[in-house]
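# Examining the three-dimensional arrangement
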Amino acid sequence: MTAARSDAPISLTATLVVLFAAVSVAVLAVTNAFVFFFVEQQWRNSAQQDLEVGGNALRMLVASNPDAGSFATRGGTITTELGKNRRLTFSVSTGAGVVLLSTLPKGFPAEAFYQAADIEHPVDWQWDQRHFSIAEITGHFADTSVAGLRLALDVTEPRDIQGAYSRALVLITVAGGLIAAVLGLVAVRQGLEPLRRMATAAGQITASRLGERLRPEDTPAELSEMASNFNGMLERLEDSFRRLNDFSSDIAHELRTPINNLQGQTQVALSRARSSDDYRSVLELNAEEFERLSHMIQDMLFLAQADNAQAALNLEEVNLAAECAKIIEYFEPVIEEGRLCVELRGQGSVHADRLLLQRALANLVSNAVRNSPPGALVQIEIAAPNAQQVSVDIVNPGPGIPAEELPRIFDRFYRTRGARDRKLEGTGLGLAIVRTIARLHGGDVAVQSNPEVETRFRLVLPREGATAA
Ligand SMILES: Nc1ncnc2c1ncn2[C@@H]1O[C@H](COP(=O)(O)OP(=O)(O)OP(=O)(O)O)[C@@H](O)[C@H]1O
Ligand SMILES: [Mg+2]
């Protein structure tokens with residue numbers, strides 16, 4: 001059960017839907033604002049044009065009258081131009097402000113014109129729930145006396161249309177946002193469907209069904225890499241799991257033989273009364289077996305700890321030639337017994353864990369010594385293949401390792417058929433330990449074997465030593 005966390009990341013679907021809706025609303029809002037101002041611009045242009053036409057017609061009308069007096073008596077004939085536009089009202093007055101003619105709505109406030117400017121910059125005025133664009137200009141009678149001309153154009157209708165537009169545009173924006181959110185939700189759900197399928201498939205993978213794989217070819221391109229990586233992870237997990245399983249069954253198998261021996265020897269000894277010498281020899285045999293068992297358990301423990309990266313490296317400068325010399329000395333009895341000759345060449349030092357390095361080298365030397373025919377020459381060569389690495393080659397003649405067995409030689413408990421036939425002692429953990437130690441240091445170990453000619457193990461270590469991976 002997963003408890004709801006307050007700091008849980010926001011749902012991907014919610015984020016995408018909100019983003020989708022926000023982008024749609026933003027785009028619609030910008031478009032709508034543009035339309036709104038465009039409509040306003042249009043009617044303002046047209047209003048200005050109407051005022052200009054009206055203003056020019058008024059000027060001509062005034063100019064066609066000799067003076068204000070005659071305009072007042074003749075009443076000024078309103079030209080067709082002026083009469084055509086029903087929305088346009090106006091007044092003509094003398095320079096002193098005496099109104100000679102007015103078609104302005106009844107009661108239209110005179111103060112509306114106080115701020116009125118020329119036709120290029122008409123002023124908005126609201127009166128009696130109607131909107132006007134107003135302007136004041138001057139004209140001249142034929143006698144050049146001044147006439148005050150006031151124009152008021154009723155723009156209520158285009159303003160109302162603009163208002164209706166703006167309400168519709170707000171509605172469109174809100175509806176567009178909602179539609180985008182719904183479509184976004186559908187799209188995101190559909191888009192995330194492959195992820196959900198992957199999650200379901202991953203949920204069905206258990207320890208007993210590690211062989212299950214996702215199908216990258218069924219997932220969209222963006223997810224196929226993830227599916228491949230996930231499969232790669234499963235591959236590695238399955239491999240580790242199989243090794244672990246093999247290891248446990250190998251342990252059980254390897255422990256069975258010494259314990260059977262111990263059991264058999266003890267039971268035979270107990271089957272009847274025996275001399276104290278007999279008991280002693282049985283106990284001695286048992287003690288040997290116990291020692292082998294304890295050795296094996298220590299090795300297994302070491303490998304298990306190294307696997308869990310528990311083996312902390314105690315790095316120090318290690319002189320390889322000196323360490324090899326110590327190991328050769330340690331194996332002196334076996335070397336003498338086999339009339340072997342061991343040759344140590346080269347110099348080199350690495351930054352490594354001394355005890356672990358000794359253990360790895362000892363395992364390799366022990367193998368070389370044990371697998372060499374009597375009188376053979378075992379060679380140890382220290383070299384530097386490049387500036388960053390140091391290598392130790394351990395070479396011995398002898399039966400060697402057949403090519404088909406080479407890939408398994410570093411597996412835990414693996415012993416060559418030849419070694420088993422020759423009843424050579426050993427548990428098959430030595431090389432697994434060598435490889436683990438090499439890798440803990442960031443290096444590796446490799447083998448080349450030419451059966452009946454020579455077998456060469458090469459341990460390569462970084463000169464500076466690496467922290468355990
Ligand atoms: N230099 C070598 N020449 C021929 N065979 C070798 C050589 N080194 C190792 N082998 C063979 O490889 C197998 C694995 O070696 P490994 O060191 O892992 O186990 P072991 O020597 O049998 O046991 P342990 O080292 O645990 O006592 C063994 O069967 C061993 O005989
Ligand atoms: Mg060995």
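Just above, that's the structure.
### So, the sheet that holds strand β12 (residues 454-462)
What the 5 strands build is an open sheet, ordered β7-β9-β10-β12-β11; its pairing is mixed. Each edge of the open sheet carries a strand with a single partner, namely β7 (341-345) and β11 (444-450). Neighbour-to-neighbour, the strand axes of this sheet turn through a mean angle of 15°, independent of strand direction. Here β7 pairs with strand β9 (residues 377-386) via 5 bridges, running parallel. Across the sheet, cysteine 341 pairs through a bridge with leucine 377, a residue of β9.

### Notes on the packing of helix α5 (residues 221-270) against helix α6 (residues 276-307)
Angle between the axes and distance between the axes: these two values describe a pair of packed helices. Direction vectors running N to C along α5 and α6 enclose 170°, while the axes themselves pass 9 Å from each other. It follows from the interaxial angle that α5 and α6 lie roughly antiparallel. Contact residues: α5 offers Phe247, Ile251, Glu254, Leu255, Pro258, Ile259, Asn261, Leu262, Gln265, Thr266 and Ala269, while α6 offers Tyr279, Val282, Leu285, Asn286, Glu289, Phe290, Leu293, Met296 and Met300.

### Observations regarding the layout of surface pockets
Quantified by volume, the largest pocket comes out at close to 1600 Å³. Lining the largest pocket are 47 residues; nearest its centre among them are Ser366, Asn367, Arg370, Glu425 and Gly426. Within the residue set of the lining of the largest pocket, elements represented by two or more residues are α6, α8 (332-337), α9 (354-370), α11 (430-440) and β12. Its residues assigned to classes, the lining of the largest pocket shows 19 nonpolar, 17 polar and 11 charged. Taken together, domain 2 (234-305) and domain 3 (312-462) each give at least three residues to the lining of the largest pocket, which thus spans both. Of the pockets and cavities examined, the second largest pocket occupies roughly 900 Å³. Lining the second largest pocket are 25 residues; nearest its centre among them are Arg243, Phe410, Asp411, Arg412 and Arg435. Counting residues per element, the ones that place at least two in the lining of the second largest pocket are α5, α6 and α11. For the lining of the second largest pocket, the leading source of residues is α5, giving 9 residues. Residues lining the lining of the second largest pocket come from more than one domain, with at least three contributed by each of domain 2 (234-305) and domain 3 (312-462).

### Points about the nonpolar core
Proteins that are soluble and globular tend to have nonpolar side chains buried together. Leu320, Val350, Leu357, Leu361, Val392, Phe457 and Leu459 are the most contacted members of the largest nonpolar core, which has 50 residues in total. Both of domain 2 (234-305) and domain 3 (312-462) provide at least three residues apiece to this core. Ignoring any residue separated from it by four or fewer positions in sequence, one finds leucine 320 in contact with Gly348, Ser349, Val350, Leu357, Leu361, Ile382, Val390 and Val392. Grouped together as the second largest cluster of nonpolar side chains are 23 residues, Ala47, Leu61, Phe71 and Ile137 included.

Cut-offs and rules
- Residues numbered from 1 in each chain as written.
- Chains lettered and ligands numbered in written order.
- Predicted model: local features only at pLDDT ≥ 70, side-chain atom pairs only at ≥ 80, totals over all residues.
- Heavy atoms only, no water.
- Pairing = 2+ DSSP bridges.
- Helix = DSSP H or I, 4+ residues; strand = E, 2+ residues; numbered from the N terminus.
- Axes fitted to C-alpha atoms, helices over the stretch in contact; angles between N-to-C directions.
- Parallel < 35°, antiparallel > 145°, perpendicular 65-115°, else oblique.
- Contact = heavy atoms within 4.5 Å.
- 1 Å grid on protein atoms, 1.4 Å probe; cavity = no way out; pocket = protein on both sides within 12 Å on 5 of 7 lines; lining within 4 Å.
- Points joined across faces, edges and corners; volume = space filled by probe spheres on them.
- Nonpolar A, V, L, I, M, F, W, Y, C, P; charged D, E, K, R; others polar.
- Domains from an automatic or database assignment.
- Core = buried A, V, L, I, M, F, W, Y, C linked by side-chain atoms within 4.5 Å.
- Buried < 20%, exposed > 50% of the residue type's maximum accessible area, 1.4 Å probe, protein only.

Honestly, it's all geometry; don't read function into it.
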